[in-house]
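Inside the fold
As a plain string of letters, each chain reads:
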Amino acid sequence: MNIVISGLTAAGKTTHALLLARRLNFDYVSASRLMLTQLDIEPDPNNRLWVNRMQEIDDRRDHQPVDRDVNELLMSAFRTRTNTVFDSWSLPWLTGSVSCLRVWIESSPDSRAMKARVSQEPYGPFLSLDDCRRLINDKDTSTARRFQPLIEANILTDRSVFDLVIDNSDLIEAPTIKSARHGISTFHRQLVASVSKRLPGGTLHAAQRQNVTLPSLDSAPN
């Protein structure tokens with residue numbers, strides 16, 4: 001069984017895909033990492049590429065269209081791997097009738113703006129909440145525009161391909177690390193419970209002894 005985690009900017013795709021992969025002792029594949037490799041962009045050690053260099057990345061994607069290539073790489077990995085958690089915007093629509101668990105993380109704009117604000121800790125300088133709202137809206141809109149002709153769906157509104165839609169909008173009460181960590185921990189338990197009902201028998205049970213620690217909160221909007 002492969003699992004695909006999807007959601008809009010700063011919904012928590014990467015955080016919860018990584019946590020779930022650790023919990024299940026699954027491999028992890030990131031579409032963003034594949035795209036950055038195709039664009040020859042080095043990952044930011046502080047994980048703030050989407051905060052500091054979003055316009056540059058968009059410009060490169062305009063001049064070097066790589067999204068189709070990344071989708072092909074994702075599908076190749078998907079066909080040849082098992083027991084893998086994929087972190088991707090587009091893959092749920094590309095897998096067709098192939099058996100897997102497709103999970104959409106729903107999250108409100110205000111919740112995602114708070115997560116984006118917290119993701120800048122502790123490096124700074126910091127975007128305001130309003131700036132974070134604009135950033136995630138711009139990234140959502142840009143990504144939807146790029147993927148529309150490739151997946152023939154609107155990622156902003158189409159949830160028809162998902163086996164599980166789970167909402168974390170109410171789990172971060174303030175743009176603070178303490179609140180974000182509480183929200184991540186709470187949502188992780190909810191996600192594991194929901195996924196466990198849909199996995200082949202024994203998969204989660206066998207992995208429950210794995211020690212899972214929360215990832216750092218200095219990741220850029222994902």
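Residues numbered from 1 in each chain as written. Predicted model: local features only at pLDDT ≥ 70, side-chain atom pairs only at ≥ 80, totals over all residues. Heavy atoms only, no water.

A look at the overall build of the protein
On a plain count of helices and strands, the protein comes out with 10 helices and five strands. Expressed as a percentage of its 222 residues, the buried residues of the protein come to 52%. The long-range share in the protein, meaning contacts at least 24 apart out of those at least 6 apart in sequence, stands at 75%. Of the accessible surface of the protein, which amounts to about 10600 Å², a share of 47% is contributed by carbon and sulfur atoms. (Helix = DSSP H or I, 4+ residues; strand = E, 2+ residues; numbered from the N terminus. Buried < 20%, exposed > 50% of the residue type's maximum accessible area, 1.4 Å probe, protein only. Contact = heavy atoms within 4.5 Å. Areas by Shrake-Rupley, 256 points an atom, 1.4 Å probe, with all protein chains shown as cover.)

Considerations on the side chain of Ser-6
Inspection of the secondary structure puts Ser-6 in strand β1 (residues 3-7). The contacts of Ser-6, once residues within four sequence positions are left out, are Lys-13, Ser-88, Trp-89, Pro-92, Trp-93, Val-103, Trp-104, Ile-105 and Phe-162.

Examining helix α4 (residues 54-63)
Every buried residue of α4 is listed here: Met-54, Ile-57, Asp-58 and Arg-61. What you see down the axis of α4 is that its buried residues fit within an arc of 100 degrees, all on one side. Pointing more than 90 degrees away from the buried face of α4 are the exposed residues Gln-55 and His-63. (Arc of directions from axis to C-beta.)

Details of the packing of helix α1 (residues 13-24) against helix α9 (residues 177-196)
Running from amino to carboxyl end, α1 crosses α9 at an angle of 55 degrees, the nearest separation of the two axes being 11 Å. Here α1 lies oblique to α9, going by the angle between them. Crossing geometry of α1 relative to α9 is assigned as right-handed. Where α1 abuts α9, its residues Thr-15, His-16, Leu-19, Leu-20 and Arg-23 lie against Ile-184, Phe-187, His-188, Leu-191, Val-192 and Val-195. (Axes fitted to C-alpha atoms, helices over the stretch in contact; angles between N-to-C directions. Parallel < 35°, antiparallel > 145°, perpendicular 65-115°, else oblique. Left-handed = near helix turned anticlockwise from the far one by under 90°.)

Observations concerning the confidence of the model for the protein
Per-residue confidence for the protein averages 86 on the pLDDT scale, and 86% of its residues sit at or above 70. Looking across the protein, the model is least confident in helix α10 (residues 203-207), with a mean pLDDT of 50, and most confident in β1, with 98. Low pLDDT (under 50) marks residues 205-221, which in the prediction has 49 contacts with non-local residues, meaning those over four places away or in another chain. (pLDDT = per-residue confidence, 0-100.)

Focus: the pattern of salt bridges
Summed over the entire model, instances satisfying the criterion amount to 11 salt bridges. Two residues, Asp-58 and Arg-146, come together in a salt bridge whose shortest N-O distance is 3.6 Å. Here Asp-58, found in helix α4, pairs with Arg-146, found in helix α8 (residues 129-151); they are 88 residues apart in sequence, far enough to count as distant. Each member of the pair, Asp-58 as well as Arg-146, is classed as buried. Ionic pairing is found between Asp-131 and Arg-134, a salt bridge with its closest N-O pair at 2.3 Å. With Asp-131 and Arg-134 both in helix α8 and three residues apart, the pair spans about one turn of that helix. Look at Asp-131 and you get partly exposed, because its relative accessible area is 28%. Shared partners join several salt bridges into a network, and the residues in it are Asp-58, Asp-62 and Arg-146. (Salt bridge = Lys/Arg side-chain N within 4 Å of Asp/Glu carboxyl O.)

Description of the environment of Ser-194
Its location among the elements puts Ser-194 in helix α9. Considered as a pair, Ser-194 and Val-103 are 91 residues apart in the sequence and their alpha carbons are 9.9 Å apart. Contacts of Ser-194, omitting those with residues within four sequence positions, involve Leu-164 and Ile-166.

Quick look at the sheet that holds strand β3 (residues 84-87)
An order of β2-β3-β1-β4-β5 is seen for the five strands of this open sheet, with the pairing classed as parallel. The two strands at the open ends of the sheet, each matched to only one other strand, are β2 (27-30) and β5 (164-167). Adjacent strand axes in the sheet meet at a mean angle of 20 degrees, parallel and antiparallel pairs treated alike. (Pairing = 2+ DSSP bridges.)

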